[in-house]
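Residues per chain are reported as follows:
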Amino acid sequence: MSEKPKAVVIGAGVGGLASAACLAQTQKYDVTVYDRMSFAGGRFTQHDHDGFQIPTGAVHMIPHGRKGPFAKLLLGKKISGGLDLGRHGVEFLPTTKFACRMKDGKLQEANSVYGILPWFSVRDTLNLPRLLLKRANHPWGDETEDGRTWMSKRFSEEFVDFADAFANFAISLRFDQMPASTVVKMLQNSFWSDRPAVPKGGCKGVINGLRADLRENGARVKLSNEVTEILPGDAEESTKGNRFCIGVRRRGRQEGIWVGADSIIHNGGHPNLLAALSDDFEVAAGVREQVRNTQAVGGIGFVFALDDDIPHRSSGVTMLPNLERVGGYVLPTFSEPSLAPEGKHMMITHQHVPDPSVKSEIDKGREDLHDAIPWLADHGEELCVHTYHRNWPCNRAPQGAELPSDIGVEGVRLVGDGVKGHGWMMVEGIAANVPEAVASVSGAMDAR
Ligand SMILES: Cc1cc2nc3c(=O)[nH]c(=O)nc-3n(C[C@H](O)[C@H](O)[C@H](O)COP(=O)(O)OP(=O)(O)OC[C@H]3O[C@@H](n4cnc5c(N)ncnc54)[C@H](O)[C@@H]3O)c2cc1C
């Protein structure tokens, strides 16, 4: 039996696995990850469909490429707090363009942030540096102004629509649904960082690298195992030496088992954690209400198989401004050809959902795509359409309305896309929060 303190990670999403890897690399803890699904990676992996690597969520994009918090955490050297996963073949391949726009059926492509400026007015060019230099490292406090109102006072409608299409594509939210400081910080992060990147082997390439690292450091990943209850350690004889007693149910088995833990990193979202946590634990005032009032963000994504004669031949995220629903699309196969069979490409789209009637939203999205992309009908075949909602959303908390990692229970921290640093999008936001969560549970274990 290991004498090391026991760290349990609930959820093998990218946030959970990255946290587990940080803990396991110290060699100080006995680390086990549980996931209720039969595969690891959560919404950041893929399933093979006749050679097309169809995402479970993420469209194979690392938003800030090799310079963002995600690259720092995964690829950074251990001495600077990184996991150094390059050793396990994790690699980020830059998109071939910084960004693109389809306007009136014509494609525009930019190699850098400056490359997009000629698409817009002189006023936009003059105001962009002011946006980039604006102080926005923290929320502006009691914000009454939304992002669209703030942007519209400074930029042309065409520029705002372009950037808003990006928000629709990236985080399934529109500028008028976010506080102004979130929009400003998000744009600053996007403009100051690197161009996006595609992980080698797609999202699963990252997950495989994390799993290899966990194996190397003796950590276990137990799939098809759901955590159903979290009780104080003394609730069961077998776990009374631990801080927590965790109920785990293996898929297909009636009887659950109890396992001991000295710390918990929860990657399954706040509602899930609060439902499992027994009344013996006192949750900080206001947290339950904040969680109740936070709605996960839904979205819809199409995946198309494309032939090799398509006129668009780059992997830069392409914004489709002014459409009713769809924000944009990406062709990751121009950076990582292995995501589609030889001689084929894959296109992934994304759209927000203002209306809960998903069926009509899918039809509207399909119409948008065929209206905006003149070559789609001749060169594309729709492979699937995914809707993301409830337990499998686009974002567990809307950008700008993040929930706390610390809910007031010693030894427990949350990671994942319900908890992101201010203005950091998607996996960048997840990575921005992981080091603090890991440091906190490590401290709680070391103090025992
Ligand atoms: C359509 C779409 C496109 C996106 N595109 C991108 C993109 O290109 N780039 C990007 O950076 N981000 C993108 N994102 C966002 C990104 O995919 C997510 O933010 C990220 O994958 C969420 O990771 P997570 O750590 O929160 O874990 P999750 O992926 O939510 O995984 C959590 C895991 O916990 C498990 N779990 C939950 N409860 C329990 C329990 N009680 N017991 C055991 N297991 C449990 C679940 O089964 C799941 O596997 C996209 C998201 C969507 C939906």
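By the naming in an unreviewed UniProt entry, the protein goes by NAD(P)/FAD-dependent oxidoreductase and is assigned to Candidatus Thalassarchaeum betae.

Novice: Looking at this structure, how should I read the pattern of salt bridges?
Specialist: Opposite charge on two side chains permits pairing when their charged atoms draw close. In the structure shown here, the tally under the stated rule is 27 salt bridges. Two residues, D164 and R174, come together in a salt bridge whose shortest N-O distance is 3.1 Å. Placement of D164 in helix α5 (residues 157–171) and of R174 in the loop between α5 and α6 (180–192) is noted, with a sequence separation of ten residues between them. Assessed through its relative accessible area of 4%, D164 is described here as buried. A salt bridge links R366 to E382; the nearest nitrogen and oxygen atoms lie 2.8 Å apart. Here E382 lies in strand β18 (residues 380–388) and R366 lies in helix α10 (residues 358–372), a separation of 16 residues in the sequence. Judged by its relative accessible area of 27%, R366 is partly exposed. Through salt bridges with shared partners, one network takes in K77, D84, R87, D213 and E216.

Novice: In this structure, what is going on with the sheet that holds strand β9 (residues 220–222)? I would like to understand it.
Specialist: Working definition: the strands of a sheet are paired by backbone hydrogen bonds and lie parallel or antiparallel to each other. The sheet built from five strands is open, its strands ordered β9-β2-β1-β13-β19 with parallel pairing. Of all strands in the sheet, those bounded by a partner on one side alone are β9 and β19 (412–414). The mean inter-strand angle of the sheet, taken between neighbouring strand axes irrespective of direction, is 20 degrees. For strand β2 (residues 30–34) and β9, the ladder comprises three bridges, and the chain directions are parallel. Looking at the pairing, T32 lines up with R220 of β9. Those strands touched by helix α1 (residues 14–25) are β1 (6–10), β2, β9 and β13 (263–266), and its axis lies near 170 degrees from that of β2.

Analysis parameters
- Residues numbered from 1 in each chain as written.
- Predicted model: local features only at pLDDT ≥ 70, side-chain atom pairs only at ≥ 80, totals over all residues.
- Heavy atoms only, no water.
- Salt bridge = Lys/Arg side-chain N within 4 Å of Asp/Glu carboxyl O.
- Helix = DSSP H or I, 4+ residues; strand = E, 2+ residues; numbered from the N terminus.
- Buried < 20%, exposed > 50% of the residue type's maximum accessible area, 1.4 Å probe, protein only.
- Pairing = 2+ DSSP bridges.
- Axes fitted to C-alpha atoms, helices over the stretch in contact; angles between N-to-C directions.
- Contact = heavy atoms within 4.5 Å.

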